[in-house]
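Below are the chains, spelled out letter by letter.
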Amino acid sequence: QVQLVESGGGSVQAGGSLRLSCAASGYTYSGICMAWFRQAPGKEREGVAAMATGGGPTYYTDSAKGRFTLSQDNAKHTVYLQMNSLNPEDTGMYYCAAERLGLRGWNDPSEYRYWGQGTQVTVSS
């Protein structure tokens, strides 16, 4: 049984910050790809950021670069997404996803087998 649990969402004013958490259990944490996706009203699900838990490159969508930062706590099997300088365009449901390494594309939702239930992020102007 694989389980991903997101937390840390909420409502914030434009310019504010939030830190999302994704805790993984049920399989080996190290050596996998973990990613954040979001889906805003009227828009398709898009990749926000991704990383390999065992080390390696990180990826960010263009709109997240310079504002969002991935980090992890290996002891807690948790990946964090620090989101600063939030704007209303960041509003959406944020999902954590995981899959073994060797993905064809980090920002393709179909590449990920395991998904959390999501945490809502709302940014008001």
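Everything discussed here concerns the structure shown above.
Residues numbered from 1 in each chain as written. Predicted model: local features only at pLDDT ≥ 70, side-chain atom pairs only at ≥ 80, totals over all residues. Heavy atoms only, no water.

Participant: I'd like a rundown of the pairing of strand β7 (residues 68-73), residues and numbers included.
Facilitator: Relative to strand β8 (residues 78-83), β7 runs antiparallel, the two sharing 6 bridges. Across the sheet, the residue bridging to S71 is Y80, located in β8. From the end of β7 to the start of β8, which pair antiparallel, there are 4 residues, and H77 there has a positive phi angle of about 50°. (Pairing = 2+ DSSP bridges. Helix = DSSP H or I, 4+ residues; strand = E, 2+ residues; numbered from the N terminus.)

Participant: Describe the side chain of E111, listing the residues and the values that go with them.
Facilitator: The topology assignment puts E111 in the loop between β9 (92-100) and β10 (114-115). By relative accessible area, E111 is classed as buried at 10%. Setting aside residues up to four positions removed in sequence, E111 forms contacts with E99, L103, R104 and G105. (Buried < 20%, exposed > 50% of the residue type's maximum accessible area, 1.4 Å probe, protein only. Contact = heavy atoms within 4.5 Å.)

Participant: Provide a residue-level description of the pattern of salt bridges, including the pertinent values.
Facilitator: In total, this model carries 6 salt bridges according to the counting rule given. Measuring nitrogen to oxygen at the nearest pair gives 3.3 Å for the salt bridge that ties D62 to K65. Take D62 and K65: they sit in the same class, and that class is exposed. Residue E99 is joined to R113 by a salt bridge in which the shortest nitrogen-to-oxygen separation is 3.4 Å. Taken together, the residues E99 in strand β9 and R113 in the loop between β9 and β10 connect sequence positions 14 residues apart. Take R113: its relative accessible area is 53%, and that puts it in the exposed class. Connected through salt bridges with shared partners, the residues R38, E46, R67 and D90 form a single ionic network. (Salt bridge = Lys/Arg side-chain N within 4 Å of Asp/Glu carboxyl O.)

Participant: Give me the packing of aromatic side chains: which residues, what numbers.
Facilitator: Overall, the coordinates contain 5 aromatic pairs when judged by the stated rule. Here the aromatic rings of Y95 and W115 are separated by 6.5 Å at their centres, their planes lie at 75°, and the arrangement is edge-to-face. Here Y95, found in strand β9, pairs with W115, found in strand β10; they are 20 residues apart in sequence, far enough to count as distant. For Y95, a relative accessible area of 16% corresponds to the buried category. For the ring pair Y112 and W115, a centre distance of 6.2 Å and an interplane angle of 70° mean the geometry is edge-to-face. (Phe/Tyr/Trp six-rings, centres within 6.5 Å; stacked < 30°, edge-to-face > 60°.)

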